[in-house]
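Chain by chain, the residues:
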Amino acid sequence: MSDKHGHLEGNDAAKAAHLKRLRRIEGQVRGIERMVEEEKYCIDILTQVSAATKALQALALSLLDDHMAHCLVDAARQGGAEQEEKLKEASEAIARLVKS
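All values derive from a computational prediction rather than experimental measurement. (Residues numbered from 1 in each chain as written. Predicted model: local features only at pLDDT ≥ 70, side-chain atom pairs only at ≥ 80, totals over all residues. Heavy atoms only, no water.)

S.K.: How should I be thinking about the packing of helix 1 (residues 12–37) against helix 2 (residues 42–78) in this particular structure?
M.R.: The geometry of a pair of packed helices is captured by two quantities: the angle between their axes and the separation between those axes. Where helix 1 contacts helix 2, the two axes come as close as 10 Å, and the packing angle between them is 165 degrees. Judged by the inter-axis angle, helix 1 sits roughly antiparallel to helix 2. Helix 2 is crossed by helix 1, and the crossing has left-handed handedness. Residues belonging to the contact of helix 1 with helix 2 are distributed by class as follows: 15 nonpolar, four polar and three charged. (Axes fitted to C-alpha atoms, helices over the stretch in contact; angles between N-to-C directions. Helix = DSSP H or I, 4+ residues; strand = E, 2+ residues; numbered from the N terminus. Parallel < 35°, antiparallel > 145°, perpendicular 65-115°, else oblique. Left-handed = near helix turned anticlockwise from the far one by under 90°. Nonpolar A, V, L, I, M, F, W, Y, C, P; charged D, E, K, R; others polar.)

Written as structure tokens, this is what we have:
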């Protein structure tokens, strides 16, 4: 995990929204666990896994959007090495998301 400053510091609304979404995803995963324990129909479990996966992807896109709107824009204003580093980070994050 990086020790770099995060944009969520001081942004209580965004942080609360992300945490709310994560709690919902956590509940979905617990529900999947119960379904496996109770030996529910495989297709029903797979449907719930797909829903949880989509929820995680939506969270990732939201975080990426926030990063681009704040960190990347700030770095672009600064220019130089900071701009190059943030652009590289964003590009690598997008590549990871596309591969997943």
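S.K.: Whenever I open this one, the pattern of salt bridges confuses me. Can you help?
M.R.: Oppositely charged side chains can form a pair if their charged atoms are brought close together. All chains considered together, the criterion is met by five salt bridges. The salt bridge involving Arg30 is made with Glu26; its shortest N-O contact spans 2.7 Å. You can see Arg30 and its partner Glu26 sitting in helix 1, four residues apart, about one turn around the helix. For Arg30, a relative accessible area of 45% gives the class partly exposed. A salt bridge links Asp74 to Arg77; its shortest N-O distance comes to 3.3 Å. Of this pair, Asp74 and Arg77 are both found in helix 2, three residues apart, which corresponds to roughly one turn of the helix. (Salt bridge = Lys/Arg side-chain N within 4 Å of Asp/Glu carboxyl O. Buried < 20%, exposed > 50% of the residue type's maximum accessible area, 1.4 Å probe, protein only.)

S.K.: Can you walk me through helix 1 in this structure?
M.R.: Helical periodicity: at 3.6 residues per turn, an α-helix aligns residues three or four positions apart in one direction. In this model, helix 1 (26 residues) spans 37 Å end to end at C-alpha, consistent with the 38 Å of a helix rising 1.5 Å per residue. Buried residues along helix 1 sit against helix 2. Count one or two residues on from helix 1 and you reach Glu39, which has phi positive near 55 degrees. (Expected span 1.5 Å × (residues − 1). Contact = heavy atoms within 4.5 Å.)

S.K.: Looking at this model, I keep getting lost on the environment of Leu59. Mind explaining?
M.R.: Take Leu59: it is sitting in helix 2. Judged by relative accessible area, which is 7%, Leu59 ranks as buried. When the C-alpha positions of Leu59 and His18 are compared, they lie 7.1 Å apart, and in sequence the two are 41 residues distant. If we ignore the near neighbours within four places in the chain, the residues touching Leu59 are His18, Arg21, Leu22 and Ile25.

S.K.: Looking at this structure, how should I read the environment of Ile45?
M.R.: Along the polypeptide, Ile45 turns up in helix 2. Separated by 32 residues in the primary sequence, Ile45 and Ala13 have C-alpha atoms spaced 33 Å apart. Not counting residues up to four positions away in its chain, the partners in contact with Ile45 are Ile32, Met35, Val36 and Lys40.

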